[in-house]
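# Coordinate inspection notes
The residues making up each chain are set out below.
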Amino acid sequence: MRQNLILNAQTLARVPFDQRVRAAAAAGYRGLSIRPLEYRDAHAAGIDDRQMLKLLAAADIEVTEIGFAATWLGNGRFGIDEDEDTLWHMAELFRPRQLNAGLWEAHDPVEVARAFAVLCDRAAERGLLVALEFIPHSGIRTLAAASQIIARANRANGGLILDAWHLERTGEPYSAIAEVPADRWLTLQLADAATVPWFEVREESRHGRLLPGEGTVDFPALLATLRRIGASPLVSVEVISDEVHRLPPQEGAKVTLDSAVEILNQCGLEPGWWRDGQQRNAENRETSV
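Residues numbered from 1 in each chain as written. Predicted model: local features only at pLDDT ≥ 70, side-chain atom pairs only at ≥ 80, totals over all residues. Heavy atoms only, no water.

### Topic: the environment of Ala-194
When you line up the elements, Ala-194 lands in the loop between β9 (185-190) and α8 (201-207). Linking Ala-194 and Glu-214, residues 20 residues apart in sequence, is a C-alpha distance of 7.8 Å. Not counting the four nearest positions on each side in its chain, Ala-194 is found in contact with Arg-169, Glu-204, Leu-210 and Thr-216. (Helix = DSSP H or I, 4+ residues; strand = E, 2+ residues; numbered from the N terminus. Contact = heavy atoms within 4.5 Å.)

Here you go:
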């Protein structure tokens, strides 16, 4: 049974594009997030744009998100970085819903908001939303900081990613979710956090996340807060875990989806999707190369 869930790029490690698509489909995912890394790896393996679109169409999987754009504020230039051309090409090729973005280094919040507004404007030209992510070991460390940036930028296509693992490690209360306008929550990323944090939060983030339901995240409370304010973000599964990475791709995709579905079912939540199949198929035909 197909679920309205996105398999985050980092949930499976360096898995070839064709195996990634097939694993997602076999597990029951509906969408993928893809980085320039996965796109370039596909080309290096001899899978060109046309073949990528065919693989996605055959599996009924769509690329929903692209990113991660992290250096769009640098050297006085408002753009993305060396991945800029690749990301914009991916936007034209896959027709995703959004570009995910963040910053690894801290900068003046006013300057960041200005740059984010420019990034949103450039993305809007390509029909993209821009989802800003707060990460406790980054330049945008808290939900409060991220929400101030999108408020200052004041762009209709700018919103936020709510990563359950990140929120847990910031220590911010779930009530803070309700301080953000409901339509600004673009994606909810599911993963759980261990009871005892690692000494290095960056390393735990990259290697030690748990399957939803295995840790300390109070998913019923978190999801109830989103529902109470009327937020309906897409739901992505981002379990960045050495244990999951050691599994065969199809097994890794299945165990992560199954754990996410169990949590969502317990909370009585059925995630929606961003467009219907008829529109998606039409756009796939338009983007054939």
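### Structural notes on helix α2 (residues 36-44)
All of the buried residues along α2 are Pro-36, Glu-38, Tyr-39 and Ala-42. All buried residues of α2 project into a common sector of 165° when viewed along the axis, lining one side. Elements in contact with the buried residues of α2: α1 (17-27), β2 (31-34), α3 (49-59), β3 (62-69) and α4 (84-94). Two residues or fewer past α2, Gly-46 is found with a positive phi of approximately 90°. (Buried < 20%, exposed > 50% of the residue type's maximum accessible area, 1.4 Å probe, protein only. Arc of directions from axis to C-beta.)

### Brief notes about the pattern of salt bridges
According to the stated counting rule, one finds 13 salt bridges in the structure shown. Between Glu-38 and Arg-35 there is a salt bridge, with the nearest N and O atoms lying 2.5 Å from each other. (Salt bridge = Lys/Arg side-chain N within 4 Å of Asp/Glu carboxyl O.)

### Details of the sheet that holds strand β6 (residues 98-101)
In space, the eight strands of this closed barrel follow the order β1-β2-β3-β6-β7-β8-β9-β10, with parallel pairing throughout. Its contacts with the sheet put helix α11 (residues 249-266) on β1 (6-7), β9 and β10 (234-237), and the angle it makes with β10 is roughly 135°. (Pairing = 2+ DSSP bridges. Axes fitted to C-alpha atoms, helices over the stretch in contact; angles between N-to-C directions.)

### As for the pairing of strand β8 (residues 158-163)
Within β8, six of the six residues are buried, leaving the element largely enclosed by the surrounding structure. Note that the unit made of strand β7 (residues 129-133), helix α6 (residues 143-153) and β8 has a crossover that is right-handed. Judged from the four bridges that link them, β8 and β9 form a sheet pairing that is parallel. If you follow Leu-160 over to β9, its bridge partner there is Trp-185. (Right-handed = clockwise from strand over helix to strand, strands pointing away.)

### Quick notes on the nonpolar core
Grouped together as the largest cluster of nonpolar side chains are 87 residues, with contacts concentrated most on Trp-72, Leu-222 and Leu-223. Counting residues per element, this core draws most heavily on helix α5 (residues 109-124), which supplies eight residues. (Core = buried A, V, L, I, M, F, W, Y, C linked by side-chain atoms within 4.5 Å.)

### Some details on the packing of aromatic side chains
Enumeration according to the criterion identifies three aromatic pairs in this entry. For the ring pair Tyr-39 and Phe-94, a centre distance of 6.4 Å and an interplane angle of 85° mean the geometry is edge-to-face. Of this pair, Tyr-39 sits in helix α2 while Phe-94 sits in helix α4; the two residues are 55 residues apart in sequence, bridging distant segments of the chain. The two residues Tyr-39 and Phe-94 agree in class, both being buried. Over the aromatic face of Trp-88 sits the side chain of Arg-126, whose NZ or CZ is 4.0 Å from the ring centroid. (Phe/Tyr/Trp six-rings, centres within 6.5 Å; stacked < 30°, edge-to-face > 60°. Lys NZ or Arg CZ within 6 Å of the ring centre and 35° of its normal.)

### Thoughts on the environment of Leu-56
With respect to the element layout, Leu-56 can be found in helix α3. Note on Leu-56: relative accessible area 5%, which makes it buried. When the C-alpha atoms of Leu-56 and Leu-32 are compared, they prove to be 9.7 Å apart, with 24 residues separating the residues in sequence.

### Some remarks on the packing of α1 against α11
Contact geometry for α1 and α11: axes closest at 8 Å, N-to-C directions at 40°. Considered as vectors, α1 and α11 are oriented oblique to each other. α11 is crossed by α1, and the crossing has right-handed handedness. For the pair formed by α1 and α11, the contact residues are Gln-19, Arg-22, Ala-23, Ala-24, Ala-26 and Ala-27 on the first element and Pro-249, Gln-250, Ala-253, Lys-254 and Leu-257 on the second. Of the residues in the contact of α1 with α11, the class split is seven nonpolar, two polar and two charged. (Parallel < 35°, antiparallel > 145°, perpendicular 65-115°, else oblique. Left-handed = near helix turned anticlockwise from the far one by under 90°. Nonpolar A, V, L, I, M, F, W, Y, C, P; charged D, E, K, R; others polar.)

### Quick word on the confidence of the model for the protein
Looking at the protein as a whole, its pLDDT mean stands at 91, while 92% of the residues score no less than 70. Scored below 50 in pLDDT, residues 277-282 shows six contacts in the model against residues more than four places distant or in partner chains. Here residues 284-289 is modelled with pLDDT under 50, and outside its nearest four sequence neighbours on either side it reaches ten contacts, counting other chains as well. (pLDDT = per-residue confidence, 0-100.)

### Some remarks on the pairing of β9
Of all six residues in β9, six are buried, a share of seventy percent or more. Alignment of β9 against β10, held across four bridges, turns out to be parallel. Each residue of the ladder has a partner; that of Gln-189, found in β10, is Ser-236.

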